[in-house]
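The primary structure of each chain is shown beneath.
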Amino acid sequence: MKVSLFITCLCDVMASDVGKDTVEILERFGCVVDFPETQTCCGQPAYNSGYVTKAKESMKQMMKAFKHSEYVVSPSGSCVAMLHEYAHLFKDDPEWKEVAQELANKSYELTQFLVDVLGVEDVGATFSGKITYHRSCHMTRLLGVTEAPYKLLKNVKGLEIVDLPLCEDCCGFGGTFAVKQPSISEQMVKEKTEHIAETGADYVVGGDMGCLMNIGGRLSRDDRQVTALHITKILNSH
Amino acid sequence: MGIKIGNAPFRDRVQEGIENDFMRGAVSSAQGRFRSGRLKAAEELGDWEDWRTLGEEIRSHTLQNLDYYLEQLSEQVSKRGGKVFFAQTAEEANEYIRNVVQKKEAKKIVKSKSMVTEEIGLNETLEKAGAEVVETDLGEWILQMDEDPPSHIVTPALHKNKEQIRETFASKKGYKNSDLPEELATFAREQLRKEFLSADVGITGCNFAVAESGAVTFVTNEGNARLVTALPETQISVMGMERLVPTWEELDVMVSLLTRAAVGQKLTSYVTSITGTKQEDEVDGPEDYHLVIVDNGRSKILGTEFQSALHCIRCAACINVCPVYRHVGGHSYGSVYPGPIGAVLTPLLDGYDDHKDLPYASTLCAACTEACPVKIPLHEHLVRHREIIVEKEKKAPRSERMMMDGFAKWGSHPAAYKLSTKMARKALKPWTKEEVIQSGPGPLKGWTDVRDFPAPSEQTFRSWFKTRQKGGRS
Ligand code: SF4
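Residues numbered from 1 in each chain as written. Chains lettered and ligands numbered in written order. Predicted model: local features only at pLDDT ≥ 70, side-chain atom pairs only at ≥ 80, totals over all residues. Heavy atoms only, no water.

Naming follows an unreviewed UniProt entry, where chain B appears as Lactate utilization protein B of Pontibacillus salipaludis. Among the UniProt annotations of chain B, the heading Function (unreviewed entry) holds the following wording: "Is involved in L-lactate degradation and allows cells to grow with lactate as the sole carbon source. Has probably a role as an electron transporter during oxidation of L-lactate." Quoted straight from UniProt, the Sequence similarities (unreviewed entry) entry for chain B says "Belongs to the LutB/YkgF family." (UniProt positions renumbered as here; feature names shortened; annotations may be inferred.)

Per an unreviewed UniProt entry, the recorded name for chain A is Lactate utilization protein A, and the organism is Pontibacillus salipaludis. In the Sequence similarities (unreviewed entry) part of its UniProt record, chain A is described as follows: "Belongs to the LutA/YkgE family." Regarding chain A, the UniProt comment filed under Function (unreviewed entry) reads as follows: "Is involved in L-lactate degradation and allows cells to grow with lactate as the sole carbon source."

This is the structure we're talking about:
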């Protein structure tokens, strides 16, 4: 199966390991992974801040980059939810309408792709440690991926998973919200990291780099002994 | 006071909210109770999602045929001896009500809880005209004594704890007992009873008006709306023009959704309807009844992409799940309508000038949209507001606009994109210590003021992938 990787700007620059792990996981299940070089950003930072016209320039670039892909897979629920939104945003644009709908139809978040398309629930990983999981609002509420990450994590050998209190609450990232409203964002991430610390987990795991940078940044600021990890790190550990 | 409460800048209001530990304690424990109550009630009902769909359908059908149903309602109320007045603006509504009150030479007016009368600032108008207005909902009564605006649309005094309430009772009404909720409530009941008995006019809001019969319905837990509507001979109900349902059948669905979404109850203690004046064959009812239907900016929303905001049934479920609301409290929004629905509705009713910060008071986490019993896509409306603020109203800061110009170029030119991603690590080097940035430049400052920022990876993913493809080692 041919899969094009949408790496997301955050992972490309800030967390290239996430991309490497994603490639290796997909290859392990027989996917042939390519990386369309002309991909940029899904446009979300501009779109969510109200700069829809400007965001669309980036979105068009993305549609061109993945035009010929069979599947587009990404290690981010939030960015994939944005790709899905293209269908709605370009519905009145005759030039882009169809491409947008096609891209929406063929784009998947990684855990969603593994479970729903490849039918894999056990990736054969081993990771010893106690983790708790942050479910990410866009992944669950916008993209509707709720069970896939848990299914995959449950089958990882050596892993102990503890519940996160108020797991449905946002961590306070919100893209540009984190820098536009730092004082509110601070209260939210403070509460989130307190709940994480309460669980006694060694790691907080998630599927979106944005949330993880926010949570991880606060954990490190407060010198807490918990590490924020992208789920790909666990799924690619042996 | 009107829809806008307070003049301090948004940032200051938020800061004040964040620093108010009492309020935050009260709000977060209330949210906890409401949240689990709602989920439990939804589960007990079963098929919650089907109910939500039904609720959405009823609201959207009603709004699509609003003219028809308003006319029907108005005919029915008139037929039963009531007078109906359509107020285009808050001023028109206030003036009409003031006239009624003055004609009656009313000295005392009792009111049951009504958000629309807060929105139009009715109390102030009536007080200026020399009438005494007494709020009879417990929360509203407390706030009235403290001259404090509501911070929540269902439980308006949510930001106060019982010690503060005891204080208010003691200083304003000579209360001498403890802060036990039962004792506080008994005291309030005794005090309010006297007010009901001596009032000349009763003013209510309206949860839903039933178009087919002209029945104006109130959903309450304290029963005060019953007393407000049963005792004074002159009755005035004030409703937002969208607050109606076609028939009793839809009322049943909407009340089921409202009470569960609002407080996690199957039903509230009282659901009261009044239909016009006392008829010949009836033993009680008002001698004189007025229904004031308020537009105040609502018809401008009809037919726009924001129309579904008018589906709102004011249950506050979106407010009760909102993490931003939890930390900043209701007053931070600077509107009688706080939380997600407030951030959507307030700029629509009162313009962007005073409320342009509200649509940004959200992470777009969509908890509100998920909780809304009539499926209003609240977070999507917030993004639309942002779009209008940026692209139509041109109210975004210059520095941000420049940054977004840069973003558009960056995102649409792969070569420039690639180069900048490659340079990121180097560019941030001066601020990086041991792979962490604790105090970042420019737009990063907002980030690093409250949490660390990691150093960019040593090698971008794309260059790793390229090397690997060429057969190099990663
Ligand atoms: S927007 Fe929805 S959840 Fe919020 S108050 Fe209105 S009906 Fe309730």
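The rest of the description comes next.
### So, the sheet that holds strand β5 (residues 126-133) of chain A
Residue and element names in this part refer to chain A. Pairing is parallel across the open sheet formed by four strands, whose spatial order is β6-β5-β7-β8. The sheet terminates laterally at β6 (157-162) and β8 (227-230), the two strands that pair on one side only. Looking at each pair of strands side by side, their axes are set apart by 40° on average, direction ignored. Across four bridges, strand β7 (residues 203-206) lies against β8 in parallel orientation. Paired with Val204 across the two strands is Ala228, which belongs to β8. Helix α12 (residues 209-221) rests against β7 and β8 of the sheet, and its axis sits at about 165° to β8. (Pairing = 2+ DSSP bridges. Helix = DSSP H or I, 4+ residues; strand = E, 2+ residues; numbered from the N terminus. Axes fitted to C-alpha atoms, helices over the stretch in contact; angles between N-to-C directions. Contact = heavy atoms within 4.5 Å.)

### Brief notes about the UniProt feature "binding site: [4Fe-4S] cluster 2" (unreviewed entry) in chain B
Residue and element names in this part refer to chain B. Sequence positions flagged by UniProt for "binding site: [4Fe-4S] cluster 2" (unreviewed entry) are, in local numbering, Cys322, Cys365 and Cys368. A stretch of 47 residues holds the annotated residues, and the largest C-alpha distance among them is 8.9 Å, short enough that they meet in one place. When you line up the elements, Cys322 lands in the loop between α14 (317-321) and α15 (323-328). If we skip the residues at most four places from it in the chain, Cys322 touches Gln31, Tyr333 and Pro340. Among the secondary structure elements, Cys365 is positioned in the loop between α16 (339-350) and α17 (367-371). Judged by its relative accessible area of 7%, Cys365 falls in the buried class. (Buried < 20%, exposed > 50% of the residue type's maximum accessible area, 1.4 Å probe, protein only.)

### Focus: the UniProt feature "binding site: [4Fe-4S] cluster 1" (unreviewed entry) in chain B
Residue and element names in this part refer to chain B. When the UniProt feature table is mapped to this numbering, "binding site: [4Fe-4S] cluster 1" (unreviewed entry) covers Cys312, Cys315, Cys318 and Cys372. Look at the named residues: they lie 61 residues apart in sequence, but the longest C-alpha span between them is just 10.4 Å, so in the fold they bunch up. On the accessibility criterion, Cys312 (7% relative accessible area) is buried. Leave out the neighbours within four places in its chain, and Cys312 touches Arg59, Arg243, Ile341 and Ile376.

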